[in-house]
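Report on the structure
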Amino acid sequence: MKLLTRSLFLCLAFCLTNGAPAHPEDAAVGALPDRCAGIEFDAIAPDEKGTTFFFKGSHLWKGFRGAAHLSNEFFKELDDDHNIGHVDAAFRMHDAENPDDHDHIYFFLDDKVFSYYNHTLEDGYPKGIQEDFPGVPAHLDAAVECPKGECTTDSVLFFKGHDVHVYDIATKTVKIKTWPHLPVCTAALRWQEHYYCFHGHNFTRFNPVSGEVNGTYPKDARHYFMSCPNFGHGGHYSIPKCSELKIDAITTDDVGKTYLFAGRMYMRLDTRRDGLHAFPITRAWKEVTGGVDAAFSYTDKIYLIKDDQVYIYKAAAPYTLIEGYPKTLKEELNFEGHVDAAFLCPGEHIVHIFKGSRLYGVDLTTTPRIVTRDLPMPAYLHGPDAALCGPGGIKVFKGSHFYHYDTVLILAAGRHIALMEPITSAMMGCQD
């Protein structure tokens with residue numbers, strides 16, 4: 001059953017990150033374009049629900065899988081009311097302090113801008129670009145949002161040739177940068193907190209502040225942002241049912257990033273606005289090659305436990321392994337035996353470890369570590385798969401279900417029989 005679950009999770013990964021190829025393009029009248037043929041996109045942008053749309057001419061693709069559709073099937077007024085066959089650029093607004101604009105999609109064509117929310121054109125649009133974005137030129141090549149923290153302020157990057165017009169959303173001012181080393185972008189996308197310039201059927205990842213390109217680029221988009229024959233993984237997979245899902249570990253770091261581990265894959269659960277996507281664990285934590293038994297976060301570090309080894313990484317990308325690790329469980333936690341699950345509540349320093357029928361507490365402030373708690377657990381909590389503590393309490397996962405406890409004291413007391421609740425698509429991205 002464990003092998004079946006992990007295979008299903010692999011299917012989830014390939015489906016979410018790649019998906020099925022579009023229908024082939026042919027010479028017939030009304031034939032759909034095929035992005036696997038090597039298309040240069042006009043624009044790429046996610047909507048308010050996290051679904052990414054790829055635009056080319058009068059067509060679009062919804063998400064990372066599936067066939068092309070006419071754009072007016074999803075954004076009706078673009079064609080029906082205004083006879084527009086394409087867009088020059090598009091982005092999703094990030095302006096949390098202004099809910100009237102936040103999460104709206106903006107489309108640009110020539111000197112006009114269109115604002116959509118929930119796939120409906122907002123009243124008063126289209127407008128001239130200068131009305132909404134003073135200082136931004138017409139006939140753009142691409143656009144992408146850049147939230148504060150990734151850029152200096154909440155901003156939008158507008159691309160025209162090698163010039164980048166950095167628009168400050170709060171002050172409505174523009175600074176122009178020139179990045180001659182970056183290809184001319186016909187579309188741009190912020191995805192999983194990274195920035196991508198699309199050109200031809202390739203893409204180049206860049207730093208949104210400096211324009212710096214690190215790594216080997218360009219890369220073919222067909223390997224990464226869609227599924228095509230002879231590119232990437234390909235194949236036809238279905239998302240597993242929630243009733244068949246089993247996780248191995250889960251943790252939330254100090255800045256709110258939640259990581260789920262199953263088999264050799266992991267998923268960021270806090271990136272729902274970009275869609276839920278699974279990746280090989282070695283993509284982020286290259287030394288952890290055999291999966292994860294348990295995980296917890298403490299003082300800006302992520303602890304990954306596999307067999308009798310403890311790997312400690314800096315929590316921020318690129319997830320650097322702390323020098324001297326991995327160490328044995330005995331060396332790091334003064335603990336021996338197989339770890340079923342672990343959790344640590346925010347702001348605390350006691351990591352709670354499930355082992356068989358017992359729950360242990362280990363004080364992380366002492367050297368050597370001290371086991372401060374050793375309690376029996378009720379039979380239904382023997383050998384859990386994973387556990388997570390957050391503001392809403394503690395979740396202990398077994399198979400496709402979990403048990404919820406308000407506090408560690410209630411869990412540790414063992415007298416309260418928690419209600420067994422099913423894992424849902426809202427939690428894990430599986431099929432209900």
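Residues numbered from 1 in each chain as written. Predicted model: local features only at pLDDT ≥ 70, side-chain atom pairs only at ≥ 80, totals over all residues. Heavy atoms only, no water.

Here the focus is the layout of surface pockets. Of the voids in this model, the largest pocket is the one considered here, and its volume is about 860 Å³. Contributing to the lining of the largest pocket are 27 residues, with H194, R205, A317, P318 and Y319 lying nearest its centre. When residues of the lining of the largest pocket are traced back to their parent elements, those giving at least two are β15 (194-199), β16 (202-206) and β20 (265-268). The residue makeup of the lining of the largest pocket, split by class, is twelve nonpolar, six polar and nine charged. (1 Å grid on protein atoms, 1.4 Å probe; cavity = no way out; pocket = protein on both sides within 12 Å on 5 of 7 lines; lining within 4 Å. Points joined across faces, edges and corners; volume = space filled by probe spheres on them. Helix = DSSP H or I, 4+ residues; strand = E, 2+ residues; numbered from the N terminus. Nonpolar A, V, L, I, M, F, W, Y, C, P; charged D, E, K, R; others polar.)

Here the focus is the pairing of strand β19 (residues 258-262). Within β19, five of the five residues are buried, which leaves the element mostly enclosed by the surrounding structure. Burial along β19 is two-sided: the face carrying T258, L260 and A262 and the face carrying Y259 and F261 are both buried. Alignment of strand β18 (residues 249-252) against β19, held across four bridges, turns out to be antiparallel. Looking across to β19, one finds that A249 is bridged to F261. Between the end of β18 and the start of β19, which pair antiparallel, lie five residues, with G256 showing a positive phi angle near 95°. Taken together, the four bridges between β19 and β20 define a ladder with antiparallel strand orientation. Across the sheet, Y259 pairs through a bridge with R268, a residue of β20. Once β19 ends, the chain turns through two residues before running back antiparallel as β20, passing G263 with a positive phi of about 60°. (Buried < 20%, exposed > 50% of the residue type's maximum accessible area, 1.4 Å probe, protein only. Pairing = 2+ DSSP bridges.)

This part is about the sheet that holds strand β22 (residues 294-298). With antiparallel pairing, the four strands of this open sheet are ordered in space as β22-β23-β24-β25. Unpaired on one side and paired on the other, β22 and β25 (327-328) mark the two borders of the sheet.

In this section: the nonpolar core. Core analysis: the biggest nonpolar cluster contains 36 residues, and F198, F225, F261, W285 and L304 have the highest contact counts within it. Per-element accounting of this core gives the leading share, three residues, to strand β14 (residues 187-191). Setting aside its immediate chain neighbours within four residues, F198 contacts I44, V184, C185, T186, A187, L189, F203, A221 and F225. The next biggest cluster of nonpolar side chains, apart from the first, holds 31 residues, and it includes A90, Y106, F107 and I129. (Core = buried A, V, L, I, M, F, W, Y, C linked by side-chain atoms within 4.5 Å. Contact = heavy atoms within 4.5 Å.)

Looking at the secondary structure, you find H102 in the loop between β5 (89-92) and β6 (105-109). Note: C-alpha distance between H102 and Y117 (15 residues apart in sequence) is 9.2 Å. Of note is the side chain of H102, whose polar atom sits 3.4 Å from the backbone nitrogen of A96. (Polar contact = N/O pair within 3.5 Å; in protein donor to acceptor, adjacent residues only side chain to side chain.)

Take the sheet that holds strand β2 (residues 52-56) next. In sheet architecture, strand pairing relies on hydrogen bonds along the backbone and comes in two forms, parallel and antiparallel. Pairing in this open sheet of four strands is antiparallel, and the strands run β1-β2-β3-β4 from one edge to the other. Looking along the sheet, the strands with just one partner apiece sit at the ends: β1 (43-46) and β4 (68-70). On average, adjacent strands in this sheet sit at an angle of 30° to one another, irrespective of strand direction. Where β1 lies against β2, four bridges are found, and the strand directions are antiparallel. Paired with I44 across the strands is F54, a residue of β2. (Axes fitted to C-alpha atoms, helices over the stretch in contact; angles between N-to-C directions.)

Bridge count for strand β23 (residues 301-306) against strand β24 (residues 309-314) is six bridges, and the pairing is antiparallel. Within β24, the residue paired with Y303 across the bridge is I312. From the end of β23 to the start of β24, which pair antiparallel, there are two residues, and D307 there has a positive phi angle of about 55°. When β24 meets β25, the two strands line up antiparallel, connected through two bridges. Paired with Q309 across the two strands is T328, which belongs to β25.

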